[in-house]
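# Secondary and tertiary structure notes
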Amino acid sequence: MLHDNLIRDLKVHSTWRLLGLSLITYGVYQAHYIVRQTRTMNAYLPGERKISMSFVMAILALSYITLGLFIGFWFVDEHHPIAVAGNFLDLVWALMVLFWGFYARNRINAHTAARRGEAHWFSGLWTLLFTPLYFNYKINVLSSGGDSQRIAA
């Protein structure tokens, strides 16, 4: 099946590795993961269903900007403009990642013709809580052919 190829191509590494590298790099690795996954998905999606690469590249750029502001935050007081800008851009970045999670979720569910309750359905709640960790986890479970009870979440 075509969606089996997509799931196989989206499999990268363990969710623990994604979490660890994201924490160590203050989200920069997570942004690179998003770029990679988006490119992979877009290769399978028709033109009107592709996720905007401009949006994804903005996530990547913002991840580097917030990393720079985070480092600058160490050298200024709490109310300094660098700290305020860093907090604001962290929030913007987090919202953009959340939007990406729902874009990706919707594209995968539509591409695989998944219905709520089926094993390959990507949950909205888990997407909201753990984007893109849930996305990676779900891809790993689906690519390993896990049992239906475990992946119905």
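Computed from a predicted model, the values in this text were never measured in an experiment.

Before going further, it helps to examine the packing of helix 3 (residues 28-44) against helix 5 (residues 81-111). The geometry of helix 3 relative to helix 5 is characterised by a closest axis approach of 11 Å and an angle of 25 degrees between their N-to-C directions. Here helix 5 runs roughly parallel to helix 3, going by the angle between their axes. Between helix 3 and helix 5 lies a crossing of left-handed hand. Counted together, Gln 30, Ile 34, Gln 37, Thr 38, Met 41 and Tyr 44 of helix 3 and Trp 93, Val 97, Trp 100, Ala 104, Ile 108 and His 111 of helix 5 form the full contact between these two elements. Looking at side-chain class alone, the contact of helix 3 with helix 5 contains eight nonpolar, four polar and no charged residues.

With the rule as written, the count across this model stands at seven aromatic pairs. Aromatic side chains Tyr 26 and Phe 70 sit 4.1 Å apart centroid to centroid with 15 degrees between the ring planes, which places their arrangement in the stacked category. Residue Tyr 26 is located in the loop between helix 2 (15-24) and helix 3, and its partner Phe 70 is located in helix 4 (residues 53-73); the two are separated by 44 residues in the primary sequence. Residue Phe 70 is classed as partly exposed on the basis of its relative accessible area of 28%. Arranged with centres 5.4 Å apart and planes meeting at 70 degrees, the rings of Phe 70 and Trp 74 form a pair that is edge-to-face. We classify Trp 74 as exposed; its relative accessible area is 56%.

Conventions adopted
- Going along each chain's sequence as written, the residues are numbered from 1 onward.
- Where local features are concerned, this predicted model is filtered to residues with pLDDT of at least 70; where side-chain atom pairs are given and counted, the filter is 80 or more; whole-chain, interface and lining totals use all residues.
- For side-chain calculations, the full set of non-hydrogen atoms in the structure is used, while hydrogens and water are omitted.
- Fitting a line to C-alpha atoms yields each axis, with helices limited to the stretch in contact; the angle taken between N-to-C directions then spans 0 to 180 degrees.
- Secondary structure counts use DSSP, requiring at least four H or I residues in a row for a helix and at least two E residues in a row for a strand, with both numbered from the N terminus.
- An angle below 35 degrees is read as roughly parallel, one above 145 as roughly antiparallel, one from 65 to 115 as roughly perpendicular, and any other as oblique.
- If you view the pair so one helix is near and one far, a crossing is left-handed when the near helix is turned anticlockwise from the far one by less than a right angle, and right-handed when it is turned clockwise.
- Throughout, a residue-residue contact means that at least one pair of heavy atoms, one from each residue, lies within 4.5 Å.
- Classification convention: Asp, Glu, Lys, Arg as charged; Ala, Val, Leu, Ile, Met, Phe, Trp, Tyr, Cys, Pro as nonpolar; all other residues, Gly among them, as polar.
- Each Phe, Tyr or Trp ring (for Trp, its six-membered ring) is paired with any other whose centre lies within 6.5 Å, and the angle between the two planes then decides the class: stacked below 30 degrees, edge-to-face above 60, tilted in between.
- Working definition: with a 1.4 Å probe on protein chains only, accessible area under 20% of the residue-type maximum means buried, over 50% means exposed, and in between means partly exposed.

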